[in-house]
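Structural features, examined
Here is how the chains run, residue by residue.
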Amino acid sequence: RDVAEVAKGYERVIRPRFADAKFFFDEDLKQGLEAMGEGLAGVTYQARLGSVADKVARVSSLAQAIAPQVGVDAGLAKRAAELAKNDLQSRMVNEFPELQGIAGRHYAQAAGEDSEVALAIDEAYRPRFAGDDIAASGTGKVLAIAERLDTLAGGFAAGLKPTGNKDPFALRRNALGLARTLIESGFDLDLGALLAAANAGLADKGVQADVTELADFIIDRLKGYYADRGVPTSQFNAVAERKPASLYDFDRRIDAIGIFAALPEAAALAAANKRIGNILRKAEDVAIPDGIEAALLREPAEAALAEAVTAAIAETTPALESKDYVSVLTRLAGLRPQVDAFFDGVMVN
């Protein structure tokens, strides 16, 4: 009933913990963040993947390769990767594991490291949980991507793929964190190339991941991500079927198909496209030429459709090359009259 007495009780518990933290912090500063890293070679990351120092080397190599592709200083990315795991050897993180990365940022600042490097050490762990923001700085984003690439490739290569509720290396969370960072950062990077680079870093360990399987695993994690954004499963599957090389490109296609689906012409064109697909599947033993043979066109409706499609291809090619999918689909929506007329007036056999 006495709030003041309750407060005193809490303070008696909290003060010793703060005193411990202050002691650990001061002792860690005496050692310094860089010196902490000397012990990582003796810490096993995973039996088949080597030590934590081995992982640091792989992540550093990936970060240096990714940084120039997204306009980030490769030197800063390298330095951040080299220091990112050092606080695992600190007294503070040993006592308070949840401060991993956060402690490293403060130790890097105390050592006079570049502010971007210090921030990236912390941001490498973002998003830390569902709904958390991705890294804010460019170097932090690069380090977060490199860290997750190595974790995912290593996990699959070492046979640690999630099964049921078991996911000891949190590969599902890492996959979603990687995908979100690439998409929300607007990094138009080839996912297959990134995974291949991560795989190459494991060559000296004699293990390799199946890059195609891993890419499918990452894309599968996006189902829930887009469902939370209100994207229908049919639209997600339509884009996933195309297997875009970049997850940022995947996201742009998702947005475009959502806009297209709201057009009045969309349902009829989708139905016609499905019908065309079924016709072509039945004719899979027939060699279909690359171009239209205008001399064979007999019906006015098929001639009009051929003319309309040829014009649409010419007009949408520049937009497709610049990945302006909204413009492409909006232009294709204009084909509905010719498509409808073709199926109404031509017997397809």
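This is a predicted model, so every value here is computed, not measured.

1. Observations regarding the side chain of Arg221
- With respect to the helices, strands and loops of the structure, Arg221 is situated in helix H11 (residues 211–228).
- A polar contact is formed between the side chain of Arg221 and the side chain of Asp220, at a distance of 3.4 Å.
- Other than its neighbours up to four places away in sequence, Arg221 contacts Arg172, Ala175 and Leu176.

2. Side note on helix H9 (residues 171–185)
- Compared with an ideal rise of 1.5 Å per residue, which puts 15 residues at 21 Å, H9 spans 21 Å between its outermost C-alpha atoms and is within 8% of the ideal.
- Here H9 has its buried residues at Leu171, Asn174, Ala175, Gly177, Leu178, Ala179, Arg180, Thr181, Leu182, Ile183 and Ser185.
- At its buried positions, H9 is contacted by helix H8 (138–157), helix H10 (191–200), H11 and helix H13 (247–261).
- One or two positions beyond H9, positive phi appears at Gly186, with a value near 75°.

3. A closer look at the pattern of salt bridges
- The final tally for this structure, using the stated rule, is 29 salt bridges.
- Across the pair Glu113 and Arg79 runs a salt bridge whose closest N-O atoms are separated by 2.7 Å. Of this pair, Glu113 sits in the loop between helix H6 (102–110) and helix H7 (115–123) while Arg79 sits in helix H4 (residues 74–83); the two residues are 34 residues apart in sequence, bridging distant segments of the chain.
- A salt bridge links Asp220 to Arg221; the nearest nitrogen and oxygen atoms lie 3.4 Å apart.
- Exposure remark for Asp220: the relative accessible area of 32% places this residue in the partly exposed category.
- Connected through shared salt-bridge partners, Glu34, Lys78, Arg79, Glu82 and Glu113 make up one network.

4. Thoughts on the packing of H7 against H8
- Running from N to C, H7 and H8 cross one another at 40°; their axes reach a closest spacing of 8 Å. For the element pair H7 / H8, the angle class is oblique. In the packing of H7 onto H8, the handedness of the crossing is right-handed. Between H7 and H8, the residues in contact are Glu116, Ala120, Ile121 and Glu123 and Gly138, Thr139, Gly140, Leu143 and Ala144, respectively.
- Residue classes in the contact of H7 with H8 are distributed as four nonpolar, three polar and two charged.

5. Some details on the packing of aromatic side chains
- Under the criterion given, the structure shown has nine aromatic pairs.
- Arranged with centres 5.6 Å apart and planes meeting at 75°, the rings of Tyr45 and Phe169 form a pair that is edge-to-face. Taken as a pair, Tyr45 in strand S1 (residues 44–46) and Phe169 in the loop between H8 and H9 lie far apart in primary sequence, 124 residues in all.
- Here Tyr225 and Tyr226 contribute two aromatic rings whose centre-to-centre distance is 5.1 Å and whose plane-to-plane angle is 70°, an arrangement assigned as edge-to-face.
- Overall, Tyr226 belongs to the buried group, its relative accessible area being 0%.
- Among the aromatic residues, those joined into a ring-pair cluster are Tyr225, Tyr226, Phe236 and Phe250.
- Above the ring of Phe217, the side-chain terminus of Arg221 is found at 4.7 Å from the ring centroid.

6. With respect to the nonpolar core
- With 74 residues, the main nonpolar core has Leu149, Leu182, Ile218, Tyr226 and Leu247 as its most contacted residues.
- The element contributing the most residues to this core is H8, with nine residues.
- Residues within four places of Tyr226 in sequence aside, it is in contact with Ile183, Val231, Phe236, Phe250, Asp251 and Ile254.
- Membership of the second largest hydrophobic core comes to 14 residues, among which are Ala266, Leu269, Ala312 and Leu335.

7. Describing unusual backbone geometry
- Backbone torsion omega between Arg126 and Pro127 reads -5°, so that peptide bond is classified as cis.
- Take Pro127: it is sitting in the loop between H7 and H8.
- Residue Ala170 is not a glycine yet carries a positive backbone phi of 50°.
- Its location among the elements puts Ala170 in the loop between H8 and H9.
- With a phi close to 60°, Lys323 is a non-glycine residue in the positive phi region.
- Given the relative accessible area of 25%, Lys323 is considered partly exposed.

8. Examining H11
- Compared with the 26 Å implied by 1.5 Å per residue over 18 residues, the 27 Å span of H11 between its first and last C-alpha is a close match.
- Inspection of H11 places Leu214, Ala215, Phe217, Ile218, Ile219, Arg221, Leu222, Tyr225 and Tyr226 among the buried residues, and these make up the whole buried set.
- Against the buried residues of H11 lie H8, H9, H10, helix H12 (233–240) and H13.
- Capping the start of H11, Asp210 holds a side-chain oxygen 3.1 Å from the backbone nitrogen of Thr212, two or three residues further along.
- Where H11 ends, the next residue or the one after it, Gly230, has phi of about 85°, a positive value.

Parameters and conventions
- Residues numbered from 1 in each chain as written.
- Predicted model: local features only at pLDDT ≥ 70, side-chain atom pairs only at ≥ 80, totals over all residues.
- Heavy atoms only, no water.
- Helix = DSSP H or I, 4+ residues; strand = E, 2+ residues; numbered from the N terminus.
- Polar contact = N/O pair within 3.5 Å; in protein donor to acceptor, adjacent residues only side chain to side chain.
- Contact = heavy atoms within 4.5 Å.
- Expected span 1.5 Å × (residues − 1).
- Buried < 20%, exposed > 50% of the residue type's maximum accessible area, 1.4 Å probe, protein only.
- Salt bridge = Lys/Arg side-chain N within 4 Å of Asp/Glu carboxyl O.
- Axes fitted to C-alpha atoms, helices over the stretch in contact; angles between N-to-C directions.
- Parallel < 35°, antiparallel > 145°, perpendicular 65-115°, else oblique.
- Left-handed = near helix turned anticlockwise from the far one by under 90°.
- Nonpolar A, V, L, I, M, F, W, Y, C, P; charged D, E, K, R; others polar.
- Phe/Tyr/Trp six-rings, centres within 6.5 Å; stacked < 30°, edge-to-face > 60°.
- Lys NZ or Arg CZ within 6 Å of the ring centre and 35° of its normal.
- Core = buried A, V, L, I, M, F, W, Y, C linked by side-chain atoms within 4.5 Å.

Any functional reading would require information beyond the geometric quantities listed.
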